[in-house]
Amino acid sequence: MCLQGLLPPHEFRSNDFLIQSKPGLPALNFISKRGPSLMTQGRACFRVAQFVFCLASIMFAITVLNVFASQNSPATSNTSPTEDEETTVLSFEGDADSGLTRQVITLNKDMTVLQQFTGGVAAGDFDNDGDVDLYVVGTDDAPNALYVNDGTGKFHDIASEVGVNFLHWGSGPAFGDIDGDGDLDLFVGAIEGDPYYLLENRFVGSDAERKFIDITDEAGLHLHSESTVSGSFADYDQDGLLDLFLTHWGDKRQQNNDTETLWRNEGGRLFSNMSTDLGISSSLVEEGVELTLTQNLFDISGDGLPDLLIASDSNESQTYIYNGSYFVISTDRRVIKDQSGMGAAVGDYDNDGDFDWFVTSIYDIHVGGSSFGNRLYQNNGQGFFTDVTDDAGVANGNWGWGACMKDFDHDGDLDIFHVNGWDVWEEYRFQPSRFFENQGDGSFNMINVFDIGIIGRGQGRGLACFDADRDGDIDILVVNLTTPHLALYRNNSTNLGNYVVIKLRGLGSNTFGVGALVTLTTTEGTQIRQLGASNNYASHNPLEVHFGLGSATTADVKVEWRDQARTISELSIEEVNQVYTIEHPDRDGLQLSVQFGDGDGLYSAGDVVEIAA
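It should be emphasised that the depicted structure is a prediction, and the values quoted were computed from it without experimental measurement.

Focus on the overall build of the chain
Helix and strand content of the chain: six helices and 40 strands. By the burial criterion, 57% of the 613 residues in the chain qualify as buried. Taking contacts inside the chain between residues at least 6 apart in sequence as the whole, the part at least 24 apart equals 59%. On the chain, roughly 25,200 Å² of surface is accessible, and the fraction owed to carbon and sulfur atoms is 51%.

Below, the structure written as structure tokens:
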């Protein structure tokens, strides 16, 4: 009876959540978090009926602890680690002083259905100072914000200073270097006919003007779609130029109508619509209305070419295999059956060497409905999926939106976090987010997010998961359509494993190495990541990859660059818990930034180049 009383009373307990080490994994031998003091334990035990018994128990426990503490002989070195030494304490804390002050004023009840779909954040280092900055959109009652990170995870808004404080109903911003000059340019989508933008970054460089320049018209980016929900940059044809992929919700289409999904970068900051020519438009829409929401470009077939995964509403999610000439639809409706696909995350959750696909959706089985929720599609290695949702235990996400697959606890496998909410239905109005902790055996444990400090009940839409303060672990930024609009949860977990972060410096115009496959091998096994070309829902993470290592202290890294030469770089890491930047091996030559015409501007040392003015 007194053992229960020895637990601290509710008011003394923290929001930390203990996650046991998985069977077969080495113990994480880090300093464990200090438990409640004996005085706190005694206070918890102080009940009149149990006082004498509990006091005796405490005195006995103190005596035993003193005895063990006095035993410092070598014989104790062979004993098993204590439970505290073998556990990770997963804990997040909301940061009210982050500087992310943009707010939503319009109430959900006053928004149209499509307006309730909007929002989002682009995460990336636009000023090239080594930390992750944020561009935030959503609603037309406050200007868009460009938040500069001061290096510690504190932010301040400079949007008005650099010309990107647009007042529109924005959605789905995306960072990407479209002109190969080494900095991140910006696309900003919008809905219901509001202005959208393609912006050239002139903030950094020798000729810096400290602003972004609107090049939408001169780039040829003329959209007929009324609403663009998400944007992503990816190099689908591996010519070194980043192409633009867009999703649109609510636009009426007939079969074979152009969907304006894929805009190829022709060089010289010029884009052309290739959605019909490359086979996407003819099969993307099934019921006369386009309902696409979240796009991802990943090599799911294992041939080194990026394939296209699109999460769509109303049973219309699609998969395409790129064969080097066309995108060939590969959707198997017996498997790809998410009923209301909205957000998505792509990653190798089972560490078998290929990319799997998680799609958020609506779950109402618990109230007698027929919507069976999120879907987890396991890749067989050749681009064909099996629905393993029920075995994995990730279906119940309420009304899911943006999602991330990240190793939040550094144990060597990918966990899943996603936001949710839908204000129209009371059942989904004040629901918390979802955290699914990977158990390492193909299944996930759904953790109560309140127990780990993620206490929001807002209308979550966009999401970015990244290391905001450069302490090595993954923080979470939630974009709500309610107050608080921006909720930053810092990862303050203890007993985490080691980690490695990889950035890339690519060849030619693909200066950040977007699309590259990064493989990391330790004594614990092998993991893969892809750099960029991803989308969470109207949002994306920065252009870097993060690996949790468990107790491993060395690692071998291989980068498969997505250039036409299929170049490979390898690195042996002897010092973990660091951020590494790997350069393409051919970057030693002279590189000219091509603004007009064809080619990547790369020359080897000794080449003679004629330059005509």
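Right, picking up where we left off after that structure.
Some words on the sheet that holds strand β21 (residues 344-347)
Pairing within the open sheet is antiparallel, and its four strands lie in the order β21-β22-β23-β24. Both outer strands of the open sheet, β21 and β24 (385-387), are each paired with one neighbouring strand and no more. On average, adjacent strands in this sheet sit at an angle of 20° to one another, irrespective of strand direction. Pairing analysis gives four bridges linking β21 to strand β22 (residues 356-359), with the strands arranged antiparallel. Note on β22: the bridge partner recorded for Gly347 is Asp356.

Description of the environment of Asn510
Inspection of the secondary structure assignment puts Asn510 in the loop between β32 (498-505) and β33 (517-522). Note on Asn510: relative accessible area 8%, which makes it buried. Distance from Asn510 to Ala234, taken between C-alpha atoms, is 9.5 Å for residues 276 residues apart in sequence. Contacts of Asn510, omitting those with residues within four sequence positions, involve Asp235, Gly240 and Leu242.

Remarks on the packing of aromatic side chains
Under the definition given, this model contains 25 aromatic pairs. Pairing Phe92 with Phe435 gives two aromatic rings, centres 6.3 Å apart and planes at 55°, and the pair type is tilted. Here the residue Phe92 occupies a position in strand β3 (residues 92-94), and Phe435 occupies one in strand β27 (residues 434-438), the gap between them amounting to 343 residues. Seen in terms of ring centroids, Trp399 and Tyr428 are 5.2 Å apart; in terms of plane orientation they differ by 75°. Their pairing is edge-to-face. Of this pair, Trp399 sits in the loop between α6 (389-392) and β25 (400-406) while Tyr428 sits in the loop between β26 (415-420) and β27; the two residues are 29 residues apart in sequence, bridging distant segments of the chain. Since its relative accessible area comes to 1%, Tyr428 is described here as buried. One aromatic cluster is present, built from ring pairs that chain together Phe117, Trp249, Trp399, Trp401, Trp422, Trp425, Tyr428 and Tyr537.

So, the pairing of strand β19 (residues 318-322)
Burial analysis of β19 places five of its five residues in the buried class, the great majority of the element. Residues of β19 alternate between two faces, with Gln318, Tyr320 and Tyr322 on one and Thr319 and Ile321 on the opposite face, all of them buried. Taken together, the three bridges between strand β18 (residues 307-312) and β19 define a ladder with antiparallel strand orientation. Residue pairing for β19: Leu309 is matched across the bridge by Thr319. Linking β18 back to β19 in an antiparallel pair, the connection comprises five residues, with Ser314 at a positive phi of about 55°. Pairing of β19 with strand β20 (residues 327-329) involves three bridges; the strand directions are antiparallel.

Some details on the pattern of salt bridges
Where charged atoms from two side chains of opposite charge come close, those side chains can pair. Enumeration over the complete set of coordinates arrives at 19 salt bridges. One salt bridge connects Asp110 with Lys109, and the closest N-O pair in it is separated by 3.4 Å. Classification of Lys109 by relative accessible area gives exposed; the value is 63%. A salt bridge links Asp332 to Arg334, with the shortest nitrogen-to-oxygen separation between them at 3.0 Å. What makes Asp332 partly exposed here is its relative accessible area of 26%. One network of salt bridges, in which partners are shared, links Asp179, Glu200, Arg202, Glu209, Lys211 and Arg269.

Side note on the state of the cysteines
Considering all chains together, one arrives at one disulfide under this definition. Covalent S-S linkage joins Cys404 and Cys465, the inter-sulfur distance amounting to 2.3 Å. Across the S-S bond of Cys404 and Cys465 the torsion is about 100°, and the bridge reads as right-handed. Residue Cys404 is found in strand β25, and its partner Cys465 is found in strand β29 (residues 460-466); the two are separated by 61 residues along the sequence. A relative accessible area of 1% means that Cys404 is categorised as buried.

Notes on the side chain of Asp125
With respect to the secondary-structure elements, Asp125 resides in the loop between β4 (120-124) and β5 (133-137). The buried charged residue Asp125 lacks any salt bridge partner; its closest oppositely charged side chain belongs to Lys503, at an N-O distance of 4.7 Å. There is a polar contact of 2.7 Å between the side chain of Asp125 and the backbone nitrogen of Gly130. Ignoring sequence-local partners within four residues, the contact set of Asp125 consists of Gly130, Asp131, Asp133 and Leu184.

A look at the nonpolar core
In this structure, Tyr135, Leu146, Val164, Leu198, Phe327, Ile502 and Leu504 are the most contacted members of the largest nonpolar core, which totals 72 residues. Mapped onto the domain boundaries, this core takes at least three residues apiece from domain 1 (92-491) and domain 2 (498-610). In this structure, Met111, Trp249, Trp422 and Ile474 belong to the second largest nonpolar core, which totals 37 residues.

Side note on the sheet that holds strand β30 (residues 475-480)
Sheet architecture is open: four strands sit in the order β3-β31-β30-β29, paired in antiparallel fashion. The strands lining the two open edges of the sheet, one partner per strand, are β3 and β29. On average, each strand axis in the sheet is tilted by 20° relative to the strand beside it, whichever way the strands run. Relative to β30, β29 is paired through six bridges, and the arrangement is antiparallel. Within β30, the residue paired with Gly460 across the bridge is Asn480.

Considerations on the confidence of the model for the chain
Residue-level pLDDT values for the chain average 85, and 81% of them are 70 or greater. Considering only residues more than four positions removed or in separate chains, one finds that residues 589-606, a stretch of pLDDT under 50, has 34 contacts. When the criterion is pLDDT under 50, residues 608-613 qualifies, and its contacts beyond four places in sequence or with other chains add up to two contacts.

What counts and what doesn't
- Residues numbered from 1 in each chain as written.
- Predicted model: local features only at pLDDT ≥ 70, side-chain atom pairs only at ≥ 80, totals over all residues.
- Heavy atoms only, no water.
- Helix = DSSP H or I, 4+ residues; strand = E, 2+ residues; numbered from the N terminus.
- Buried < 20%, exposed > 50% of the residue type's maximum accessible area, 1.4 Å probe, protein only.
- Contact = heavy atoms within 4.5 Å.
- Areas by Shrake-Rupley, 256 points an atom, 1.4 Å probe, with all protein chains shown as cover.
- Pairing = 2+ DSSP bridges.
- Axes fitted to C-alpha atoms, helices over the stretch in contact; angles between N-to-C directions.
- Phe/Tyr/Trp six-rings, centres within 6.5 Å; stacked < 30°, edge-to-face > 60°.
- Salt bridge = Lys/Arg side-chain N within 4 Å of Asp/Glu carboxyl O.
- Disulfide = S-S within 2.5 Å.
- Lys, Arg positive; Asp, Glu negative; His and termini not counted.
- Polar contact = N/O pair within 3.5 Å; in protein donor to acceptor, adjacent residues only side chain to side chain.
- Core = buried A, V, L, I, M, F, W, Y, C linked by side-chain atoms within 4.5 Å.
- Domains from an automatic or database assignment.
- pLDDT = per-residue confidence, 0-100.

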